[in-house]
Amino acid sequence: MTDAVEATGLIKRYKDVTALGGVDLAVPEGSVLGLLGPNGAGKTTIVRILSTLLRPDGGSARVAGADVLDEPREVRRKIGLSGQYAAIDEYLTGFENLEMIGRLYHLGRRRSRDRAHELLAQFGLEDAANRPAKTYSGGMRRRLDLAGALVAQPPVLFLDEPTTGLDPRSRSGTWDVLRELIAGGTTLLLTTQYLDEADALADRIVVIDHGRIIAQGTADELKRQVGGERLEVTAVDPARFSEARRLLEPLGSAPAAVENHDRSLVIPIAGGAAVLGEAVRLLDEAGIEVDDLGMRRPTLDDVFMILTGHAAENGEDEQDDRHEPALARKADR
Ligand code: ATP
């Protein structure tokens with residue numbers, strides 16, 4: 001299969017900040033790559049380089065067969081881009097914004113109008129179609145911006161955090177639209193902070209931190225990488241929490257993590273359902289009441305926290321305070 005996007009050794013520096021320290025990517029035609037990483041990891045920088053908005057200091061990339069440095073116009077003809085810097089004209093209505101994009105792409109008057117109507121309906125913006133975009137809420141703007149990226153039905157789409165700031169309904173509506181595009185063969189590279197989004201949409205996931213790839217694979221491969229199932233226990237009485245931990249931790253295959261403000265224990269286990277029975281027995285004998293007790297498979301959240309936590313602990317540049325949330329969450333556990 002040919003790669004719709006291939007990047008080799010991408011490097012970008014801003015004075016003493018290395019935004020990208022040599023990133024290789026390949027997105028086969030018709031597939032979806034999810035780019036995950038904490039704030040400041042370098043996701044937007046990658047999207048901007050691949051969409052010809054930013055020149056890398058090193059490395060090369062081809063998109064839909066065209067070189068981003070030597071043939072930027074070719075690349076731009078083949079891509080749709082929606083980002084955190086919404087490309088919307090505030091004074092035009094939603095309809096006019098989309099129609100204008102259609103005209104810029106030479107779709108013709110009629111096709112541009114039809115496409116604008118179609119997309120406004122798909123993104124639930126029909127009622128606001130004739131209002132200036134400056135009256136739109138943040139979520140509406142984001143949807144309009146996304147719709148704009150789809151006007152010309154480009155074969156390759158770059159979406160930088162497409163559902164950040166959307167309410168759950170708009171989010172799932174957006175996923176539906178993206179699923180249709182994917183089914184139609186569009187190649188998609190999306191960045192996201194939402195692990196469920198990568199899980200739901202991406203064929204492959206690349207985890208990036210400090211401008212470097214720290215893991216990649218399918219969602220299942222990444223989950224397997226961080227171990228098997230987890231036993232999760234929430235004690236009713238916080239005063240008995242330590243006792244519950246002392247009793248249950250030996251059942252695990254690795255140290256327990258503490259969540260939910262010192263009320264829940266998450267213990268990686270290797271023994272399957274038998275361990276669950278043993279846990280119930282131990283808690284029962286000790287008379288410790290629980291709110292919740294169960295097994296769950298690792299989520300991508302576990303993957304993300306374990307992986308990005310390790311990257312930081314390995315002594316990489318920790319001065320960028322934009323990484324704090326991921327590290328703080330790691331420390332919480
Ligand atoms: P977020 O999820 O917060 O959008 P990101 O993963 O998209 O983060 P980038 O925006 O690609 O991260 O930034 C990567 C690094 O490069 C960060 O440390 C950022 O501070 C730095 N950076 C990005 N643009 C510039 C710039 N114009 N000048 C200086 N530093 C920059």
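This one's a predicted model, so the numbers in the text were calculated from it and none came from an experiment.

Another point: the pairing of strand E10 (residues 212-217). Sheet analysis places strand E9 (residues 204-209) next to E10, joined by 5 bridges and oriented antiparallel. Opposite isoleucine 205, over in E10, you have glycine 217 as the bridge partner. Connecting E9 to the antiparallel partner E10 that follows it, the hairpin turn spans 2 residues, and histidine 210 within it adopts a positive phi of roughly 50°.

The subject of this paragraph is the site of the ligand. Lining the immediate surroundings of the ligand are 15 residues, of which Gly40, Gly42, Lys43, Thr44 and Thr45 lie closest. Alanine 41 has a polar backbone atom sitting 3.0 Å from an oxygen atom of the ligand. Starting from 640 Å² of accessible surface for the ligand in isolation, the protein chains cover 72%. Of all elements in the fold, only strand E2 (17-28) and helix H1 (43-50) reach the threshold of two or more residues within the shell around the ligand. Looking at which element gives the most residues to the shell around the ligand, the answer is H1, with 3 residues. Looking at the shell around the ligand residue by residue, the classes come out as 5 nonpolar, 6 polar and 4 charged.

This brings us to the domain arrangement of the chain. As far as domains go, the chain holds domain 1 (3-223 + 312-329) and domain 2 (228-297). Domain 1 and domain 2 are separated by 40 Å when their C-alpha centres are compared.

Attention shifts here to the pattern of salt bridges. Scanning the entire structure with this criterion turns up 14 salt bridges. Its salt-bridge partner being glutamate 74, residue lysine 78 comes within 3.6 Å of it at the nearest N-O pair. Taken together, the residues lysine 78 and glutamate 74, both in helix H2 (residues 72-78) and 4 residues apart, mark about one turn of the helix. Under the relative-accessibility criterion, lysine 78 is labelled partly exposed at 28%. Across the pair glutamate 249 and arginine 245 runs a salt bridge, and its minimum N-O distance is 3.6 Å. In this structure arginine 245 comes out as partly exposed when scored by relative accessible area, which is 28%. A cluster of three or more residues bridged by salt bridges with shared partners is formed by Glu74, Arg77 and Lys78.

Moving on to the sheet that holds strand E13 (residues 264-268). The antiparallel open sheet is built from 4 strands, whose spatial order is E12-E13-E11-E14. Strands with a single pairing partner mark the edges of an open sheet, and in this sheet they are strand E12 (257-259) and strand E14 (290-296). Averaged over all pairs of adjacent strands, the angle between their axes in this sheet comes to 20°, without regard to strand direction. Most of the contacts of helix H9 (residues 241-248) go to E13, to which it runs at about 10°, and overall it touches strand E11 (230-235), E12 and E13. Most of the contacts of helix H10 (residues 273-286) go to E14, to which it runs at about 165°, and overall it touches E11 and E14.

Backbone hydrogen bonds hold the strands of a sheet together, and the pairing may be parallel or antiparallel. Strand order in this open sheet of 6 strands is E6-E7-E8-E3-E9-E10, and the pairing throughout is mixed. The open sheet has two free edges, formed respectively by strand E6 (79-82) and E10, since each of these has just one partner strand. Shown here is a sheet whose adjacent strand axes are inclined to one another by a mean of 15°, direction ignored. Seen against the sheet, H1 touches strand E3 (32-36), E6, strand E7 (156-160), strand E8 (187-192) and E9 and runs at an angle of roughly 150° to E8.

Quick look at the nonpolar core now. Core analysis: the biggest nonpolar cluster contains 42 residues, and Leu98, Phe123, Leu144 and Ile205 have the highest contact counts within it. At 6 residues, helix H5 (residues 138-150) tops the list of elements feeding residues into this core. In this view, leucine 98 contacts Ala116, Leu119, Leu120, Leu144, Ala147, Gly148 and Val151; residues no more than four positions away in its chain are not counted. Within the second largest apolar cluster, 27 residues are counted, among which are Ala4, Leu35, Val63 and Phe158.

Calculation criteria
Residues numbered from 1 in each chain as written. Predicted model: local features only at pLDDT ≥ 70, side-chain atom pairs only at ≥ 80, totals over all residues. Heavy atoms only, no water. Pairing = 2+ DSSP bridges. Helix = DSSP H or I, 4+ residues; strand = E, 2+ residues; numbered from the N terminus. Near = heavy atom within 4 Å. Polar contact = N/O pair within 3.5 Å; in protein donor to acceptor, adjacent residues only side chain to side chain. Areas by Shrake-Rupley, 256 points an atom, 1.4 Å probe, with all protein chains shown as cover. Nonpolar A, V, L, I, M, F, W, Y, C, P; charged D, E, K, R; others polar. Domains from an automatic or database assignment. Salt bridge = Lys/Arg side-chain N within 4 Å of Asp/Glu carboxyl O. Buried < 20%, exposed > 50% of the residue type's maximum accessible area, 1.4 Å probe, protein only. Axes fitted to C-alpha atoms, helices over the stretch in contact; angles between N-to-C directions. Contact = heavy atoms within 4.5 Å. Core = buried A, V, L, I, M, F, W, Y, C linked by side-chain atoms within 4.5 Å.

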